[in-house]
Amino acid sequence: MPELPEVETVRRGLAPVMEGHVIARADVNRPDLRWPFPTKMRERLEGKTVQQLRRRSKYILADLSSGETLLVHLGMSGRMLVSGDPLGLFAHDHPAPAKHDHVVFHMQSGARVTFNDPRRFGAMDLMETAAAEAHPLLARIGPEPLGNAFNEAHLIAAFKGRNTPVKSALLDQRIVAGLGNIYVCEALFRARISPKRKAGRISATRVAALVPIIRDVLSEAIEAGGSSLRDFRQADGELGYFQHRFDVYGREGEPCRRAGCDAKIARIIQSGRSSFYCPTCQR
Ligand SMILES: [Zn+2]
């Protein structure tokens, strides 16, 4: 499942072929993904210029010249493929139409952006740009982890009195936007905080220290995604999934990487999801 850094990498990969470019044609090959597509989606996309491609949490937002914004969520398995860009940034020929190519954007430039999603947990919607923040999927989302509103005071206030494990608190999208299982595990490892510790029982100093750690973990992953974009000419045109080294995620039974610690990474289930952590150096 793509997390914030993967979505940001997709946005950065799409920007050169979409921003400032006209959607000449939009193929909408089915009526829905996770939810029905908005009415007349094809007509509302065709002939419009993408003025800006933004990201909010794990949603990509394309502001159109019509005054509407297209919201895209990749869901569990959604992928974006770019092909045929005449600007020379991406050298991939248009692939043959594939199963699960649900929406295809034919840009006037000759580039093509294909949204492929086998499991169809993805979503697309259209709304007035001016009212985008009030969209039901966006309205209750907390501050962006890389923005100024996510700061020490905010996190300390959000954790105060909370009886839930810190792992669940950080996955709560009202507290911080777009953080998912992988990067919460990684941030808690760096902060030496056990995922089981109650959010309200962590000292303000340790909570404050989590803020720059969360920013670093995400920034490093976005940087790795940027490297994957630079290798993109040789790749198959698919954006967003990249190799990244994790310290704890997926490393159950492997040695802790912290110097001087000889424990092994453990895995527990919290709220139905795996938490990976070092039982010795995370307290
Ligand atoms: Zn350790």
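Because the structure is a prediction, the values reported are computed rather than measured.

> Please set out the nonpolar core residue by residue, giving values where relevant.
Counting 31 residues, the largest nonpolar core has Leu14, Met18, Leu45, Met80, Phe105 and Met124 as its most contacted members. In terms of residue count, helix H1 (residues 4-18) provides more of this core than any other element does, six residues in total. Setting aside chain neighbours within four positions, we find Leu45 in contact with Ile23, Ala26, Leu64, Leu70, Phe105 and Leu126. Counting residues in hydrophobic clusters, the runner-up holds 29 residues, among them Leu155, Val184, Leu210 and Ile213.

> Lay out the coordination of the zinc ion in plain terms, naming residues and giving numbers.
Summarising the metal site, the zinc ion is bound by the protein donors Cys256 (SG), Cys261 (SG), Cys278 (SG) and Cys281 (SG), whose distances to it range over 2.2 to 2.3 Å. Coordination at the zinc ion is tetrahedral: its four donor atoms span angles of 101 to 121° at the metal. Between consecutive donors of the zinc ion, the numbers of intervening residues give the motif C-x4-C-x16-C-x2-C. Pair noted here: Cys256 is in the loop between strand S9 (238-239) and strand S10 (266-270) and Cys281 is in the segment after strand S11 (273-277), with a separation of 25 residues, a long-range link.

> Summarise the sheet that holds S9; cite the residues concerned and give the values.
The sheet built from five strands is open, its strands ordered S1-S6-S7-S5-S9 with antiparallel pairing. Edge positions in the sheet fall to strand S1 (23-28) and S9, since each has one partner strand and no second. Alignment of strand S6 (residues 101-107) against strand S7 (residues 112-116), held across five bridges, turns out to be antiparallel. The partner of Phe105 across the bridge, within S7, is Val113. The strands touched by H1 are strand S5 (79-83), S6, S7 and S9; relative to S5, the strand with the most contacts, the crossing angle is about 35°.

> Give a detailed account of the sheet that holds strand S3 (residues 59-64), specifying residues and quantitative values.
Spatial ordering of the open sheet is given by S2-S3-S4-S8, a layout of four strands whose pairing is antiparallel. In this open sheet, the two strands that pair with only one neighbour each are strand S2 (50-56) and strand S8 (123-128). Adjacent strand axes in the sheet meet at a mean angle of 20° when their direction is disregarded. The sheet contact formed by S3 and strand S4 (residues 68-73) spans five bridges and is antiparallel. Across the sheet, the residue bridging to Ile60 is Val72, located in S4.

> Would you mind going over the pattern of salt bridges in detail, with residue names and values included?
On inspection of all chains with the given rule, the structure shows 19 salt bridges. With a shortest N-O distance of 2.9 Å, Glu144 and Arg55 are connected by a salt bridge. Pair noted here: Glu144 is in the loop between S8 and helix H3 (152-159) and Arg55 is in strand S2, with a separation of 89 residues, a long-range link. Neither Glu144 nor Arg55 differs from the other in exposure class; each is buried. By sharing partners, the salt bridges in this structure join Glu8, Arg11, Arg12, Arg55, Arg56, Glu133 and Glu144 into a single network.

The rules behind the values
Residues numbered from 1 in each chain as written. Predicted model: local features only at pLDDT ≥ 70, side-chain atom pairs only at ≥ 80, totals over all residues. Heavy atoms only, no water. Core = buried A, V, L, I, M, F, W, Y, C linked by side-chain atoms within 4.5 Å. Buried < 20%, exposed > 50% of the residue type's maximum accessible area, 1.4 Å probe, protein only. Helix = DSSP H or I, 4+ residues; strand = E, 2+ residues; numbered from the N terminus. Contact = heavy atoms within 4.5 Å. Donors = N, O, S within 2.8 Å, 3.2 Å for Na, K, Ca; no water. Tetrahedral: all angles 85-135°; square planar, octahedral: opposite > 155°, others 65-115°. Pairing = 2+ DSSP bridges. Axes fitted to C-alpha atoms, helices over the stretch in contact; angles between N-to-C directions. Salt bridge = Lys/Arg side-chain N within 4 Å of Asp/Glu carboxyl O.

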